[in-house]
Amino acid sequence: MKRTTGQDRTQTRNWRPATRAIRGGTWRSEMGETSEALFLTSGYSYDDAATVAARFAGDQDGMTYSRLQNPTVAMLEERIALMEGAEACRVQASGMAAMTAALLSQLSAGDHMVSARAAFGSCRWLGDSLLPRFGIDVTVIDARDTDAWEAAIRPNTKVFFFETPANPTMDVADLEAIAKIAKAHGITTVVDNAFCSPALQRPLEFGIDVVAYSATKLMDGQGRVLAGAVCGSEEFINDTLLPFQRNTGPNLSPFNAWVVLKGLETLDLRAKKQSENALKLGQFIEGRVPQILHPWLDSHPQKALAQKQMDACGPIFSFVLDGGRKQAHALLDALQLIDISNNIGDSRSLMCHPASTTHHNMGPEGREAMGISEGMLRINVGLEDVDDLIEDMDQALTKAGL
Ligand SMILES: *Cc1c(COP(=O)(O)O)cnc(C)c1O
């Protein structure tokens, strides 16, 4: 295996984003394959006993076991790090494996974490149910309120954890301001960037320490595999994350890594086109529904902040109907092209009712505190012709009485 002709780490880092997405992290075997090779192997064999001893001793580079290294997985990690502008990246079996590793690898009993109220349901479960069982206190705040982050700090606060825009309320948190507060107190910031991907928002540019992903979403982008990623400094990845990951084993399979590598080649194109479609569909819906939560529309109270942090609006937005669950379900049932599905980031348009699906487990009070009403619907806008999406939405809104 060697890097493709002429590549070295410095040159790769000077490439523009579109080139990184296609070429970054590519190694070629002696076969000279153009597409990245898929190494479906759990183990490796060695020419002699001294070689394996040198590898285990860390004196020689090379593979020893696929929980520790795999060439296909390593190509994906290098490409994601390049696209994110991070020193290092490690990938995991799912977005939740990535979030769990990013948090558990650095928190211990007696530590405190501050996290955002509006978040993906399972991310809230980590803070509400899992971490407290291990003696880690968690304070939940409104991430939009920058002062609330500062006010929640205790002497033992170690981590700030949030996503922006948040699922499904589209709350936007100020990356730069929150990173600054954290830095002043020696706190590590961890941002779940699943709604944007590095094509639309790179939190490290605003001073964030660690970026964690569900690569299931925009990175794969075609609804095929689960995957996760954690990006950060070499020090964080090597000294904090890796000991946890190597010994607990939330690894991504080489096959799924290969699928995500293929997805990354078109990430930039998809993220931008889906954002364009999401803006047009949002503009069509606005005025037909009582409330729309869309970061690129004037009605979003944090539009200016969103536009500072994001290159485009992303494929996801939400809207709220007055008729509660009954009307929201009626609209979903009237759709003919857009699928009823709780996934996001897919090249197909998908729509769901968060209160009865992704945020069902939070219960009515939890949902109310997060601002998720019974009439809220969330849409992931895909790559279909936007006029077909508008026509489908138009007829479904009419059937739902709007
Ligand atoms: C989907 C998602 C996750 C979880 O990712 P999986 O790949 O499904 O495990 C975490 N955070 C956000 C914001 C998500 O959208």
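Residues numbered from 1 in each chain as written. Predicted model: local features only at pLDDT ≥ 70, side-chain atom pairs only at ≥ 80, totals over all residues. Heavy atoms only, no water.

With that settled, the discussion passes to the packing of helix α5 (residues 95-104) against helix α6 (residues 121-133). For the pair α5 and α6, interaxial distance at closest approach is 10 Å and the crossing angle is 40°. The orientation of α5 relative to α6 falls into the category oblique. α5 and α6 meet at a crossing whose hand is right-handed. Between α5 and α6, the contacting residues are M96, M99, T100, L103 and L104 on the first element and S122, C123, L126, L130 and L131 on the second. Within the contact of α5 with α6, the residues separate by chemical class into eight nonpolar, two polar and no charged. (Axes fitted to C-alpha atoms, helices over the stretch in contact; angles between N-to-C directions. Helix = DSSP H or I, 4+ residues; strand = E, 2+ residues; numbered from the N terminus. Parallel < 35°, antiparallel > 145°, perpendicular 65-115°, else oblique. Left-handed = near helix turned anticlockwise from the far one by under 90°. Contact = heavy atoms within 4.5 Å. Nonpolar A, V, L, I, M, F, W, Y, C, P; charged D, E, K, R; others polar.)

Bringing the site of the ligand into the picture now. Among the 13 residues in the neighbourhood of the ligand, the closest are listed as G95, D192, S214, T216 and K217. Contacts to the ligand include G95, whose backbone N or O atom sits 2.8 Å from an oxygen atom. S214 is positioned such that a nitrogen or oxygen atom in its side chain is 2.8 Å from an oxygen atom of the ligand. Taken by itself the ligand offers 380 Å² of open surface, and the protein chains cover 92% of this. (Near = heavy atom within 4 Å. Polar contact = N/O pair within 3.5 Å; in protein donor to acceptor, adjacent residues only side chain to side chain. Areas by Shrake-Rupley, 256 points an atom, 1.4 Å probe, with all protein chains shown as cover.)

Mapped onto this numbering, the UniProt entry gives "modified residue: N6-(pyridoxal phosphate)lysine" (unreviewed entry) at K217. Note that K217 resides in the loop between β8 (210-214) and β9 (228-232). Taking the relative accessible area as the measure of exposure, K217 reaches 11% and is therefore buried. When residues no more than four places from it in sequence are discounted, the contact partners of K217 are F120, A194, N343, I344 and G345. (UniProt positions renumbered as here; feature names shortened; annotations may be inferred. Buried < 20%, exposed > 50% of the residue type's maximum accessible area, 1.4 Å probe, protein only.)

This brings us to the domain arrangement of the chain. You can read the domains of the chain as domain 1 (2-264) and domain 2 (268-399). With centres defined by C-alpha atoms, the gap from domain 1 to domain 2 works out at 27 Å. If you look at the interface, domain 1 gives 35 residues, while domain 2 gives 37 residues. Of the roughly 2,900 Å² buried between domain 1 and domain 2 on both sides combined, carbon and sulfur atoms contribute 58%. (Domains from an automatic or database assignment. Buried area = accessible area lost by both parts, 1.4 Å probe.)

Enumeration over the complete set of coordinates arrives at four aromatic pairs. Between W149 and F160, the aromatic rings sit 4.8 Å apart at their centres with planes inclined by 50°, giving tilted as the arrangement. Of the two residues, W149 is situated in helix α7 (residues 146-151) and F160 in strand β6 (residues 157-163); the sequence distance between them amounts to eleven residues. An identical accessibility class is assigned to W149 and F160; each is buried. Here the aromatic rings of W149 and F162 are separated by 5.1 Å at their centres, their planes lie at 55°, and the arrangement is tilted. With W149 in helix α7 and F162 in strand β6, the pair connects residues that are 13 residues apart, well separated along the chain. Under the relative-accessibility criterion, W149 is labelled buried at 0%. Of the residues examined, F162 reaches a relative accessible area of 2% and is grouped as buried. Aromatic rings pair up to connect W149, F160 and F162 into one cluster. (Phe/Tyr/Trp six-rings, centres within 6.5 Å; stacked < 30°, edge-to-face > 60°.)

Moving on to the environment of E30. For E30, the location among the structural elements is in the loop between β2 (27-28) and α3 (49-56). Distance in space between the C-alpha atoms of E30 and V260 is 23 Å, their sequence separation being 230 residues.

Turning next to a negative patch on the surface. A cluster of like negative charges, contributed by E87, E234, E235 and D239, occupies part of the molecular surface. Along the chain, the position of E235 falls in helix α9 (residues 234-248). (Patch = residues over 30% accessible without salt bridge, like charges linked within 9 Å, V, L, I, M, F, W, Y side chains within 5 Å. Salt bridge = Lys/Arg side-chain N within 4 Å of Asp/Glu carboxyl O. Lys, Arg positive; Asp, Glu negative; His and termini not counted. Charge placed at Lys NZ, Arg CZ, Asp CG, Glu CD.)

A few words now on helix α13 (residues 324-334). When α13 is considered as a whole, its buried residues turn out to be G324, Q327, A328, L331, L332 and A334. Where α13 is buried, its residues touch β11 (316-320), β12 (339-340), β13 (350-352), β14 (376-380) and α15 (386-399).

Here seven strands make up an open sheet; going across it, the order is β3-β9-β8-β7-β6-β4-β5 and the pairing mixed. Sheet topology places β3 (88-92) and β5 (137-141) at the edges, where each strand pairs with a single neighbour. Direction aside, neighbouring strands of the sheet carry axes that sit 20° apart on average. In terms of strand pairing, β3 meets β9 through five bridges, oriented antiparallel. Within β9, the position partnered with R90 by the bridge is V230. Against the sheet, helix α8 (residues 175-184) engages β6 and β7 (188-192), with an angle of about 170° to β6. Packing against the sheet, α9 makes contact with β3, β8 and β9, and its axis sits at approximately 25° to β3. (Pairing = 2+ DSSP bridges.)

Taken across its five residues, β8 has five buried, putting it largely inside the fold. Neither face of β8 is exposed, since V210, A212 and S214 on one face and V211 and Y213 on the opposite face are all buried. Sheet topology note: the β7/β8 ladder contains three bridges and is parallel. Paired with D192 across the bridge in β8 is A212. As judged from the four bridges shared by β8 and β9, these two strands associate in the antiparallel manner. Bridged to Y213 within β9 is A229.

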